[in-house]
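Residues per chain, in single letters:
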Amino acid sequence: MRSSSLTSIALCVASASFSYPQRLIAQRLDDPKLGRIEFPTSGSAAAQPQFLRGVLYLHSFEYDSAAKYFREAQRVDPGYAMAYWGEAMTYTHPVWNEQNVDSARAALARLGASPAARRARAGTPREQAYMNAVEALYGEGSKPKRDTLYSDAMRRIVRAFPSDREASAFYSLSLLGLNQGVRDVATYLKAAAPMEKLFAENPRHPGAAHYLIHSYDDPAHAAKGLAAARAYSAIAPGAAHAQHMTSHIFIALGMWPDVVKANETALALQPEAGHYRQWLAYGYLQQGRIAAARALIDSMRIPADMTAMGPAMRSSALTLYAIDAPNGGAVIDSVQPTGVPLSEARVQFVRAYTGYLARDRARIEQASSQIDAAANRIRAGNRPALARNLQTVETMGGMARAMLLAVSGRSDSAVAILRDVADRQDTIPFDFGPPTTLKPPRELLGELLLADGKPAAARTEFERSLGTAPNRTAAVLGLARASAAMGDKAAARKAYGELSATLSHADPTLPWRAEADRGAQARSP
C-alpha cells in the first residue's frame, strides 16, 4: 500500500503544472476574525468559502469549528474531495501528539470506498497529491511511521508546487509532529524557516504566525517568535487558541502581564477551557496575585462526565498554586485523585516540598515513596509516548530524595543529588509552559545552598535557573537574597527592582512584596 501511494504521488508530480490554473486564482478568503489565506481548489463557488473558513480554523487548532465548516462544504458540494481532506485533517494534532485515526478514516470513507476511488474524485493533480498525503497519514503502520510518510508527502507537494503557500504551512506543521510531541530543536528550526518566508509574504496568515510560535517557544529561541506572537492575536481575534497561543512566547520570556492578558482574552472567547485557566493562574501567581489565582482555580468545576483531562488540569493548577503561593501547600489535601501517574506524582511532590519547609522528615519520606511508585507505574506501561512523563516524575523523585537528605542534616549529599538531577534535566528537551516539575531543580538547589550559608553558589544556581525559566518570581527573589547576602548591593538592588516591577499589582499582604520594594529602593552608602 505504501509503495502504491508513493508511486501515485510521483505520477501526480510528474504530470502536474507548477502553477495554479487561472480559474482558481480568485479562491481566497480574508476573514477579519481568523486571518487571510489563498488556497485554490476545484470545489464549487458555493462550497469554497466554507472550505476556506475551515482551513483558517484548522491553522488555529480550532478543530471542532474547522470540522463544522468542512462538513458544510461537503453538504454544498458532495463531490468536493478537498472538503473531506480538510475534515480528516482535523483529527490529527501533531504538536499535541494526538491522532484519531478511526474518525479520520470514516470522514474519508464518505468520499469513496478506497484511496484510489477518493483520489479519482480530486479535481486536479495537485489535489490528488493532497489526497495521497492524507492517505499516508491515516494508512497502515505505527503513528511515527505514518507521520513520517505524511511529512515526506507534503515535502513533495511543496517542491512540485512552490507557489502553494498552504502546502508550505502544512509541511512545517508536519515537521513539528515528527518527534511525537517531544521538542527537537533542529527540526523545530527547520519548520520555522519556511514560515518566516510565508509570514513575510502574508503577515495575516494564521498558520505562519502560529507555527512560528510553536517553533520558537523555548527560552533560547523565544525572542525570535515575539513578532509572530504580537501579530497572532490581531490576525485571529475570533480564535480562542490564537489568543492563548501568544502566551507560549510570553511565558518563555517571563513577560507576565502579556501572559495574563493573552489568557484572559482566550477565556473570554472560550470560558470552559481549563488549559487557559491553568496558564492564567500561573501568570497571576508570578505577579503575586494570589487571591485571583485561587479564585480562578476554584472556578474550574469538573462535570461528572468530563474526561480525565479536566481533573488533571485542575490538579495541575492546584499543584502550581501550592508551590508558588505563600503557605499554598494546604490546598493539596483537596486535590482529587486523577489516576494519572504524572498528576499523582506532582501532588506528592507538593507534599514533599511542604514537608521540607516544615522539616517534616516523615512527610517527605512518604511522598518520595509515592513518587517512586508513580514512576514504576509509567515504566510498567512501557509506552514510548510517556517517556517524557517518566523523565519528569524521575526528576521530582530525585528532588524529593534531596529534600529528605537536607532535613536529615546531610546537606552535602542533598546538594550532590540536586546537582545531578539539574544536570540531567538540562539535557531533556524543553517543555513549554509552566514547569512540569512544578519547581525547577536549580531553583530548589539555589534555595538549599542559600539556607546552607553559601550565597555565592546559590546565586549561580538562581542565575542558571532563570536561563530556562526567565523572570520566575521565586528565582528572582532567591537571586536578590543571595546577592544581598554576598554584600553585592548593586546586584541585589537590580534583582529586587525587577521583582518589584513584577509584583506591582500583587496582593498587599504578599510577604515578599514589601521586601522587594525596600530592596529596589536601597542605596549604597
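This text goes with the structure placed above it.
Report follows, based on the coordinates. (Residues numbered from 1 in each chain as written. Predicted model: local features only at pLDDT ≥ 70, side-chain atom pairs only at ≥ 80, totals over all residues. Heavy atoms only, no water.)

What about the overall build of the protein chain?
Note the following rule: Helix and strand assignments follow DSSP, with helices taken as H or I runs no shorter than four residues and strands as E runs no shorter than two, numbered in order from the N terminus. For the exposure calls, accessible area comes from a 1.4 Å probe over protein chains only, and a residue counts as buried if that area is under 20% of its type's maximum, exposed if over 50%, partly exposed in between. It only takes one pair of heavy atoms within 4.5 Å for two residues to be counted as in contact. Accessible areas in this description were obtained via Shrake-Rupley with a 1.4 Å probe; residue shielding takes into account the shown protein chains only.
Within the protein chain, the regular secondary structure consists of 26 helices and 4 strands. Taken over 525 residues, the protein chain has a buried fraction of 56%. When contacts within the protein chain are restricted to residue pairs at least 6 apart in sequence, long-range pairs at least 24 apart make up 61% of them. Looking at the protein chain as shown, the accessible area adds up to about 21200 Å², and 53% of this sits on carbon and sulfur atoms.

Section: the nonpolar core
The criterion, for reference: For the purposes of this section, nonpolar cores are sets of buried Ala, Val, Leu, Ile, Met, Phe, Trp, Tyr and Cys residues that join through side-chain atoms within 4.5 Å.
Of all hydrophobic cores here, the largest spans 163 residues; its most connected members are Phe-51, Trp-85, Tyr-138, Met-154, Tyr-356, Val-393 and Met-403. With 11 residues, helix α20 (residues 387-407) is the largest single contributor of residues to this core. Not counting residues within four places of it along the chain, the set of residues in contact with Phe-51 comprises Phe-39, Thr-41, Tyr-69, Phe-70, Ala-73, Tyr-80, Met-82, Ala-83 and Trp-85.

What about unusual backbone geometry?
Of note, the phi angle at Phe-61 is positive, near 60°, even though the residue is not glycine. Looking at where Phe-61 falls in the secondary structure, it is placed in the loop between α2 (48-59) and α3 (63-76). Even without glycine at this site, Asn-97 takes up a positive phi of about 60°. Relative to the helices and strands, Asn-97 is located in the loop between β3 (92-93) and β4 (98-99).

Some details on the packing of helix α13 (residues 240-252) against helix α14 (residues 256-269)
Applicable threshold: All axes are obtained by fitting lines to C-alpha atoms, using only the stretch in contact for helices, and the reported angles, taken between N-to-C directions, cover 0 to 180 degrees. Each angle gets one of four labels, with under 35 degrees taken as roughly parallel, over 145 as roughly antiparallel, 65 to 115 as roughly perpendicular, and the rest as oblique. By definition, any crossing whose near helix is turned counterclockwise from its far helix by less than a right angle is left-handed, and any crossing with a clockwise turn is right-handed.
At a closest axis distance of 8 Å, the pairing of α13 and α14 adopts a crossing angle of 165°. By the criterion of interaxial angle, the relationship of α13 to α14 is roughly antiparallel. Note that α13 runs across α14; the crossing there is left-handed. Contacts between α13 and α14 involve Ala-240, Gln-243, His-244, Thr-246, Ser-247, Phe-250 and Ile-251 from the first element and Trp-256, Asp-258, Val-259, Ala-262, Asn-263, Thr-265, Ala-266 and Leu-269 from the second.

A short note on the pattern of salt bridges
Which entries qualify depends on this criterion: For salt bridges, the criterion is a side-chain nitrogen of Lys or Arg within 4 Å of an Asp or Glu carboxyl oxygen.
Counting across every chain of the model gives 36 salt bridges. Arg-183 serves as the salt-bridge partner of Asp-217, at 2.1 Å between the closest nitrogen and oxygen. Of the two residues, Asp-217 sits in the loop between α11 (206-216) and α12 (226-235) while Arg-183 sits in the loop between α9 (165-176) and α10 (185-201), which places them 34 residues apart along the sequence. Measuring nitrogen to oxygen at the nearest pair gives 3.7 Å for the salt bridge that ties Lys-454 to Asp-452. Lys-454 sits in the partly exposed class, given a relative accessible area of 34%. Within this structure, Arg-419, Asp-423, Asp-426, Arg-442, Glu-461 and Arg-464 form a network of salt bridges that share partners.

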